[in-house]
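Per-entry structural report
One letter stands for each residue in the lines below.
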Amino acid sequence: MSERSGKVQTVLGLIEPDQLGRTMTHEHLTMTFECSHVPPAPGDEGLAAAPIEMKHLHWLQQNPYSHQENLLLNQEIEAVKEELLCYRKAGGGSIVENTTTGINRNLPILRQLAKDTGVHVIAGAGYYVDVTHSDETRKMTVEKLTDIIVSEVLHGADGTEIRCGVIGEIGTSWPITESEKKVLRATAHAQTQLGCPVIIHPGRDTAAPGEVIRILQEAGGDISKTVMSHLDRTIYDRQELLEFAKMGSYLEYDLFGTELLNYPFNLRVDMPSDSQRVQNLVFLVREGYEDRILIAHDIHTKHRLTKYGGHGYSHILENIVPKMLSRGITQNQVDKILIENPKHWLTFK
Ligand SMILES: CCC(=O)NCCS(=O)(=O)O
């Protein structure tokens, strides 16, 4: 048994699982997303280069990835700190910060935010999607990648002694690239050694979540301790959702607050509204999956902060929970989704 067994590992050290409270299992507090810049439509170049202003907010909400400055969440530490204080006031206890290598993880900032706000922050180990892999990463063996991920959890990451408490979000594209497959196998091997939680960013195809789970399974990963993120934009057909749910991972709806007409990374996708997300939660609860559901906002750009007219980190607690209750999800089930399920997932075996 390791010192982590039965505990949760935050950026400030180990805590008892009961200390977590309400937990958003997929957020970012500081990161950059330039890897996903979408060139603006012809004629929109001026808007894309202009400072963020009230009169352009609707354009920004509909074209969040075409505005370079919007992709730099790392410039908003003070605003994020204010929002975390509001999150605590709204009843929030913890946040899983999913920034991994490739999108500018900054562990000292995460630790400072946790100290300044009292919110427990759990940091992510491992690598984001292939386009952010360095040449060095691509050349690494599965064994080397495993050693690095294990070390980020046991000893600290990015030259600091600050330890990660989950592996992920591990980035995958569609089709899954060779480099991503190596990282997935390393993730499974590291999870076997550590007994730790894992969280996955699937590619944007309905087949992607299942394929990732198969790769993890073959490499010995613990699927019951693995979260599949971004189901909102990945599996829309209810039958396919049930087929995927049977594979046994946690099922995460983590784009609450995102209302987007044209999803630029896959124009075939109709991004659901928050009301439709809640309908999906109701469906999964009725199908018996209340122990496997997790929810979050996945804030990763500036425009989703309240400073820029966005919904902020408290949207779920303030607006979505009442909606869930009004649609027949019980308080006990809400507590499972926000407290019990995150707690079980985040506790080291
Ligand atoms: C780093 C943040 C991230 O990957 N968010 C997911 C965005 S999307 O793929 O669901 O559009």
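Basis of the calculations
Residues numbered from 1 in each chain as written. Predicted model: local features only at pLDDT ≥ 70, side-chain atom pairs only at ≥ 80, totals over all residues. Heavy atoms only, no water. Buried < 20%, exposed > 50% of the residue type's maximum accessible area, 1.4 Å probe, protein only. Helix = DSSP H or I, 4+ residues; strand = E, 2+ residues; numbered from the N terminus. Pairing = 2+ DSSP bridges. Disulfide = S-S within 2.5 Å. Near = heavy atom within 4 Å. Polar contact = N/O pair within 3.5 Å; in protein donor to acceptor, adjacent residues only side chain to side chain. Areas by Shrake-Rupley, 256 points an atom, 1.4 Å probe, with all protein chains shown as cover. Nonpolar A, V, L, I, M, F, W, Y, C, P; charged D, E, K, R; others polar. Salt bridge = Lys/Arg side-chain N within 4 Å of Asp/Glu carboxyl O.

1. Considerations on the pairing of strand β3 (residues 22–27)
On a regular strand, one side chain projects to one face of the sheet and the next to the other, so that they alternate. Within β3, 5 of the 6 residues are buried, leaving the element largely enclosed by the surrounding structure. Across 4 bridges, β3 lies against strand β4 (residues 92–97) in parallel orientation. Residue pairing for β4: Met24 is matched across the bridge by Ile95.

2. Digging into the state of the cysteines
Considering all chains together, one arrives at 0 disulfides under this definition. We note that Cys164 lacks a disulfide partner, and the nearest cysteine sulfur, in Cys196, lies 10.0 Å from it.

3. Some remarks on the site of the ligand
Surveying the vicinity of the ligand reveals 15 residues, the closest of which are Tyr128, Arg204, Arg233, Tyr263 and Asp298. Between the ligand and His201 there is a distance of 3.2 Å, counted from an oxygen atom to a side-chain nitrogen or oxygen. Residue Arg233 places a side-chain N or O atom 2.9 Å away from an oxygen atom belonging to the ligand. Contact with the protein chains covers 99% of the free accessible surface of the ligand, which is 330 Å². Within the shell around the ligand, the residues separate by chemical class into 7 nonpolar, 4 polar and 4 charged.

4. Considering the pattern of salt bridges
The tally for this structure, following the rule as stated, stands at 20 salt bridges. As a salt-bridge pair, Asp18 and Lys343 come within 2.8 Å of each other at their nearest N and O atoms. Taken together, the residues Asp18 in the loop between β2 (13–15) and β3 and Lys343 in helix α12 (residues 331–346) connect sequence positions 325 residues apart. For Asp18, a relative accessible area of 63% puts it in the exposed group. The partner of Lys336 in a salt bridge is Glu290, and the shortest N-O contact between them spans 2.9 Å. You can see Lys336 sitting in helix α12 and its partner Glu290 sitting in the loop between α10 (274–286) and β10 (293–295), a full 46 residues away along the chain. If you follow the salt bridges from partner to partner, you end up with Glu69, Glu76, Lys302 and Lys307 in one network.

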